[in-house]
Amino acid sequence: MVASKATQKLSSIASSWPIDPFRPNIQLKNFLNSLSAHPRLTSEAVQAAQLLRDNAMQKKYALSAKTLQPASMPRHYERLVEGYERSARGAGRPWWQVFFGVWK
């Protein structure tokens, strides 16, 4: 892959990268943009960034239902994702729900 093509490809990957709401001052998008200007950029680095963006490993090594819903706490990961999404929106649980472990 020619260096300019690699630079263009990595720049397009960086522009399509989602923004992390929890770390507004540290964005992977900014890192990828600065990496695209590196003189020794390789096609392997571009391919790795593309695979990360496309969730290739998650698709290749899918988790089983037994892993995602352990017998001891079947809704654990579901609640974890809900909490993450609520936190990204800025919504939280009242202190008493956190203290008593109440989930809606």
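So, here is what we can say about the structure in this document.

Rules used throughout
- Residues numbered from 1 in each chain as written.
- Predicted model: local features only at pLDDT ≥ 70, side-chain atom pairs only at ≥ 80, totals over all residues.
- Heavy atoms only, no water.
- Axes fitted to C-alpha atoms, helices over the stretch in contact; angles between N-to-C directions.
- Helix = DSSP H or I, 4+ residues; strand = E, 2+ residues; numbered from the N terminus.
- Parallel < 35°, antiparallel > 145°, perpendicular 65-115°, else oblique.
- Left-handed = near helix turned anticlockwise from the far one by under 90°.
- Contact = heavy atoms within 4.5 Å.
- Core = buried A, V, L, I, M, F, W, Y, C linked by side-chain atoms within 4.5 Å.
- Buried < 20%, exposed > 50% of the residue type's maximum accessible area, 1.4 Å probe, protein only.
- Phe/Tyr/Trp six-rings, centres within 6.5 Å; stacked < 30°, edge-to-face > 60°.

Topic: the packing of helix H1 (residues 3-15) against helix H3 (residues 43-53)
Right, on to step 1. Contact geometry for H1 and H3: axes closest at 10 Å, N-to-C directions at 20°. If you check the angle between H1 and H3, you find them roughly parallel. For the pair H1 and H3, the crossing hand works out as left-handed. Of the residues in H3, those in contact with Ala6, Lys9, Leu10, Ser12 and Ile13 of H1 are Val46, Ala49, Gln50 and Arg53.

Quick word on unusual backbone geometry
Right, on to step 1. The phi dihedral of Asn55 falls on the positive side, at around 55°, and the residue is not glycine.
Right, on to step 2. When you line up the elements, Asn55 lands in the loop between H3 and helix H4 (56-60).

Points about the nonpolar core
Right, on to step 1. With nine residues, the main nonpolar core is built from Ala6, Leu10, Ile13, Ala14, Trp17, Leu32, Leu41, Val46 and Ala49.
Right, on to step 2. Breaking this core down by element, the ones donating at least two residues are H1 and H3.

Description of the packing of aromatic side chains
Right, on to step 1. One pass over the structure, following the stated rule, counts two aromatic pairs.
Right, on to step 2. Judged by centre distance (4.7 Å) and plane angle (45°), the rings of Phe22 and Tyr84 are tilted. Remark: Tyr84 occurs in helix H6 (residues 76-89) and Phe22 occurs in the loop between H1 and helix H2 (28-36); sequence separation between them is 62 residues.
Right, on to step 3. Residues Phe99 and Phe100 carry aromatic rings whose centres are separated by 5.0 Å and whose planes lie at 85° to one another, so their mutual orientation is edge-to-face.
Right, on to step 4. A residue is classified by how much of its surface remains accessible, and Phe100, at 58% relative accessible area, is exposed.

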